[in-house]
Every structure is written in structure tokens, then in C-alpha cells.
Amino acid sequence: ILFELLKKAEANAIEKGELLPYVIGVTSKVGNTPIKSLERVKHIHPMLSLRNVFNEEQISAQFPDLGKNEILLNPKLDGLAISLIYRKGQLNVALTRGDGSVGEDVSHNTKHILTVPYNINQGHKEKYDLEVRGEVVIPRHAFKELNKKMVELGEKPYSNSRNAVSGILRSLNPDIDISKYLGFYAYGFRFIGNTDPVLVDYAKSMSQIFGYLVSIGFAVKRHRRCDTIGKAMEFIKQMQEIRPEYDIDIDGVVIQYNDLDVQQQIGESSTYPMYAVAYKFPAETGVTVLEDVEWQVGRTGVITPVAHVDDVLIGGVCYNAVTLHNLAEIKRLGIKINDCVIVSRQ
Ligand code: IVH
């Protein structure tokens with residue numbers, strides 16, 4: 001009864017304009033009903049992946065008409081992609097990428113993420129259904145706290161932020177407070193199944209889409225339009241420099257044509273868009289000393305050599321145990337105790 005009263009009070013406050021629809025956090029964020037399994041749901045549009053590029057030449061080759069057509073760059077967040085479907089301005093379902101064509105319904109956990117608005121303020125476009133895509137992430141400080149909590153709960157800590165996000169989002173009945181750890185950044189948007197000419201014109205470019213996403217209540221990461229390869233490389237360099245202090249793991253920069261007509265003309269293959277690529281940062285590394293090797297037996301009986309190294313700081317995270325993969329790799333490296341080693345974070 002109290003919950004129903006609270007819902008009514010919120011609805012009234014929204015109507016009077018005392019509460020912004022997209023910041024209601026109470027009635028939409030409480031309650032947790034355990035579920036038995038994740039339902040598989042077909043995506044309205046397939047969730048594609050991106051081809052990787054590693055240097056300036058490959059970027060230039062990908063965007064030969066740069067100058068005539070602008071490109072848009074933004075950081076590639078290392079989390080889990082989700083698709084959010086809003087019906088009549090309300091979050092209806094949240095799906096993981098899955099195999100790209102069929103995803104898993106993770107609405108029960110996604111609704112607890114504070115940066116996933118439950119109601120969105122679409123203005124006059126309210127009656128249209130829409131899809132927002134973006135990345136669920138766990139900031140570095142939250143990742144550390146989460147792992148402390150996992151140890152307290154007697155569970156195994158997560159090895160990296162991507163596994164943590166996937167583990168939490170996909171868990172059937174999480175015993176942690178999701179709102180404390182996970183965040184969401186949007187990078188894609190479309191209206192679902194309509195050809196209204198007014199809507200077709202709502203945005204001509206990706207930069208306008210980012211603006212629209214902010215206006216309806218989503219958080220977005222920084223993005224930059226570039227008309228020369230020099231400007232693009234400068235943005236990449238800046239992102240690479242701030243990467244170690246960035247509170248969210250980023251593993252590269254997404255580069256795409258800014259103009260949506262140009263994107264459409266270039267088109268997509270069944271797995272990749274042809275109008276976008278991901279520039280991947282080189283792996284972060286640190287130099288340290290190999291102190292010991294421990295042979296760890298996994299749940300399935302696989303034996304993995306784990307190297308204990310002197311504390312080494314890589315991208316803001318301190319490591320003292322790293323994998324040596326297998327015996328063949330140890331032989332290939334010819335590695336010995338007290339050797340000076342380069343540790344690389346993938
Ligand atoms: S745009 C066609 N922007 O990268 C896909 N993707 O390999 C267009 N990702 O799983 C996606 N940060 O989840 C885009 N700023 C960003 C991104 C981003 C991370 C992920 C995405 C997808 C993968 C593509």
C-alpha cells in the first residue's frame with residue numbers, strides 16, 4: 001500500500017513539474033524478484049561489432065574522404081553493450097548483445113542502474129517507441145569495492161571490470177546493491193518502426209544524436225568531430241594519455257562518419273558496420289621482477305602457472321600476480337625467478 005501511495009505521489013509530482021521524469025529513482029528502482037533463467041529475446045536490429053584498426057594509416061584508409069565528410073570520435077568503453085527499449089516513454093526491456101541477433105533479458109538488474117532512466121522526457125515525440133544502446137560499466141573505484149564485498153560474501157573476486165559487469169547483469173538473484181556499482185553511458189539511438197517524416201529529420205548526425213540522448217536524460221561520454229586525420233590522432237593521443245586516470249576502463253576510440261546519410265549510404269555487413277571502426281590502444285604494460293611461480297588448479301582440473309611479481313602499477317591498478325598461461329609459454333620465454341619482466345594488461 002505504501003509503495004502504491006509513493007507511486008501516486010511521484011506521478012503527481014511529475015505532472016506538476018516538481019520532479020523530472022527521468023530522475024525518479026524511487027518507485028522504479030526498488031523491489032527485487034528473483035527469476036529462474038534469462039529469457040532469450042531477438043533484437044529489433046542486430047547488435048553488430050566493430051572491426052579493429054591499430055594505426056593512422058588504417059584509419060586514413062577507412063575514411064578516405066575525410067575533409068569532405070566529418071568523422072566523430074568517442075572513447076570505446078570496456079563494459080557490456082546493452083539495448084534498452086522504451087515504450088511510450090517508459091523502460092520496457094533491457095537486452096544484452098548475446099550473439100548479436102538474440103540477446104538475454106536483463107531488465108531485472110538493469111532497472112537498478114541509476115543512470116538508466118526509467119521514464120524519459122521525449123517532449124513531443126512521447127508516443128514513439130525507441131531504442132537506446134550503450135555500455136554498462138563499472139568505475140574503477142566501484143570495482144575495487146565490489147571485489148572487497150565479494151570476498152566478504154565468501155565469493156571469488158572478479159578478474160576484470162568486464163567480467164564483473166557481465167556477472168552482475170546476468171545474475172538471476174544478485175546479492176549486491178547494483179545501484180552502488182554499475183553505470184550506463186549511451187552511444188546509440190533510434191526510433192522503432194516508424195517512417196514519420198518529422199522523426200526522420202530529428203537528427204542528421206551522430207553529434208546531434210548525442211545531444212538528443214542528453215536531452216532525454218542519458219549520460220554520454222565525450223565525443224569530438226574531426227575533419228582531418230591530424231585532429232583525429234590528437235584526440236586519440238589525449239584519450240590514451242588520460243586513460244590511466246580515467247575512472248572507467250577504456251580500450252580504444254570508436255571512429256565513425258558523423259553524417260547519418262553517409263552512414264546509411266556506406267551500410268553494414270552482417271557483422272560489422274562499414275562506416276565505423278574501433279581504434280584499439282596498445283596493451284598497457286609495466287616492468288617488474290618475477291618472484292615466484294605457483295601452479296594453480298582450476299575447477300575443471302586445468303593447471304595454470306601464476307607468476308608472483310613485485311607490485312607493479314598498470315593503468316592505476318596494482319598487480320602482484322599475473323598469468324604465465326602454460327608451460328609452453330614459460331619455455332618459449334625462457335623465464336626464470338628474479339628475471340626482470342614486462343607485464344601486459346589486456
Ligand atoms: S558504437 C556497431 N561506441 O564496442 C557497433 N560501441 O565492437 C556500434 N563499445 O560491443 C557501436 N564503447 O558495446 C560504440 N563508444 C562506443 C563504444 C562501443 C564500447 C562496444 C560496443 C560493442 C563493441 C563493438
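What comes next is a walk through the structure.

Scoring rules and cut-offs
Residues numbered from 1 in each chain as written. Predicted model: local features only at pLDDT ≥ 70, side-chain atom pairs only at ≥ 80, totals over all residues. Heavy atoms only, no water. Pairing = 2+ DSSP bridges. Helix = DSSP H or I, 4+ residues; strand = E, 2+ residues; numbered from the N terminus. Axes fitted to C-alpha atoms, helices over the stretch in contact; angles between N-to-C directions. Contact = heavy atoms within 4.5 Å. Buried < 20%, exposed > 50% of the residue type's maximum accessible area, 1.4 Å probe, protein only. Patch = residues over 30% accessible without salt bridge, like charges linked within 9 Å, V, L, I, M, F, W, Y side chains within 5 Å. Areas by Shrake-Rupley, 256 points an atom, 1.4 Å probe, with all protein chains shown as cover. Salt bridge = Lys/Arg side-chain N within 4 Å of Asp/Glu carboxyl O. Lys, Arg positive; Asp, Glu negative; His and termini not counted. Charge placed at Lys NZ, Arg CZ, Asp CG, Glu CD. Core = buried A, V, L, I, M, F, W, Y, C linked by side-chain atoms within 4.5 Å. Polar contact = N/O pair within 3.5 Å; in protein donor to acceptor, adjacent residues only side chain to side chain. Phe/Tyr/Trp six-rings, centres within 6.5 Å; stacked < 30°, edge-to-face > 60°. Expected span 1.5 Å × (residues − 1). Arc of directions from axis to C-beta. 1 Å grid on protein atoms, 1.4 Å probe; cavity = no way out; pocket = protein on both sides within 12 Å on 5 of 7 lines; lining within 4 Å. Points joined across faces, edges and corners; volume = space filled by probe spheres on them.

### Things to note about the sheet that holds strand β8 (residues 183–191)
Strand order across the open sheet formed by 4 strands is β5-β4-β7-β8, with antiparallel pairing between neighbours. One side of each edge strand has no neighbouring strand; the edge strands of this open sheet are β5 (90–96) and β8. Taken over all neighbouring pairs, the strand axes of this sheet differ in orientation by 25 degrees on average, direction set aside. Sheet topology places strand β4 (residues 80–87) next to β5; 6 bridges connect them, and they run antiparallel. Of the residues in β5, the one forming a bridge with Ser83 is Leu95. Here helix α5 (residues 161–170) sits on the sheet and contacts β4, β5 and β7 (130–137); the angle it forms with β4, its principal contact strand, is near 40 degrees. Across the sheet, helix α8 (residues 206–215) is in contact with β7 and β8; its angle to β8 comes to roughly 120 degrees.

### Looking at the pairing of β8
Buried residues dominate β8, accounting for 7 of its 9 residues. In this structure, β7 lies alongside β8, joined through 8 bridges in antiparallel fashion. Directly across from Leu130, in β8, lies its bridge partner Phe191.

### Some thoughts on the sheet that holds strand β14 (residues 317–323)
Pairing within the open sheet is antiparallel, and its 4 strands lie in the order β14-β13-β12-β15. Two strands in the sheet have a free side with no partner beyond their single neighbour: β14 and β15 (340–345). Across the sheet, the mean angle from the axis of one strand to that of its neighbour is 45 degrees, orientation sign disregarded.

### What to know about a negative patch on the surface
Together, Glu291, Asp292, Glu294, Asp310 and Asp311 make up a negatively charged patch on the protein surface. Listed by contribution, the elements that provide at least two residues to the negative patch are β12 (284–297) and β13 (303–314). The dominant element in the negative patch, judged by the number of residues it contributes, is β12, at 3 residues. Along the chain, Asp311 turns up in strand β13.

### Side note on the nonpolar core
The nonpolar side chains of a soluble globular protein tend to be buried, and buried together. Counting residues in hydrophobic clusters, the biggest one holds 42 residues, and the most contacted among them are Leu84, Val132, Phe184 and Phe218. In terms of residue count, α8 provides more of this core than any other element does, 5 residues in total. For Phe184, the residues in contact, after removing those within four places along its chain, are Ile82, Leu84, Ile113, Thr115, Val116, Val132, Arg133, Gly134, Glu135, Val136, Phe218 and Ala219. Core analysis: the second largest hydrophobic core is formed by 26 residues, Leu66, Ile250, Val253 and Tyr257 among them.

### So, the side chain of Ser107
Locating Ser107 in the fold gives a position in helix α3 (residues 107–110). A distance of 3.0 Å separates a polar side-chain atom of Ser107 from the backbone nitrogen of Ala94.

### Overview of the packing of aromatic side chains
What the rule picks out here adds up to 11 aromatic pairs. Both rings, one in Phe189 and one in Tyr202, keep their centres 5.5 Å apart while their planes meet at 65 degrees; by these two values the pair is edge-to-face. Highlighted residues: Phe189 in strand β8 and Tyr202 in the loop between α7 (197–200) and α8, separated in sequence by 13 residues. Here Tyr202 falls in the partly exposed class, since its relative accessible area comes to 22%. Relative to Phe281, the ring of Tyr279 lies with its centre 6.2 Å away and its plane at 75 degrees, an arrangement referred to as edge-to-face.

### Description of the pattern of salt bridges
The final tally for this structure, using the stated rule, is 12 salt bridges. The partner of Arg170 in a salt bridge is Glu104, and the shortest N-O contact between them spans 2.7 Å. Here Arg170 is found in helix α5, whereas its partner Glu104 is found in strand β6 (residues 102–104), with 66 residues between them in sequence. Relative accessible area serves as the criterion here: at 19%, Glu104 is assigned to the buried category. A salt bridge links Glu131 to Arg190; the shortest N-O distance between them is 3.9 Å. With Glu131 in strand β7 and Arg190 in strand β8, the pair connects residues that are 59 residues apart, well separated along the chain. What makes Glu131 buried here is its relative accessible area of 2%. Note on Arg190: relative accessible area 32%, which makes it partly exposed.

### Looking at helix α9 (residues 229–242)
When the terminal C-alpha atoms of α9 are compared, their 20 Å separation across 14 residues agrees well with the 20 Å that a helix rising 1.5 Å per residue should span. Turning to α9, its buried residues number three or more, namely Ala232, Phe235, Ile236 and Met239. Within α9, the buried residues cover an arc of 100 degrees as seen down the axis, which keeps them to one side. Summarising the geometry of α9, the exposed residues directed more than 90 degrees from the buried face are Lys237 and Glu241. Close packing links the buried residues of α9 with α2 (56–62), β3 (71–77), β9 (224–226), β10 (250–257) and β11 (276–280).

### Brief notes about empty space enclosed by the protein
Summed over the entire model, instances satisfying the criterion amount to 1 cavity of 30 Å³ or more. Space inside the largest cavity adds up to approximately 40 Å³. Sorting the residues of the lining of the largest cavity by element identifies β3 and β8 as the ones contributing at least two each.

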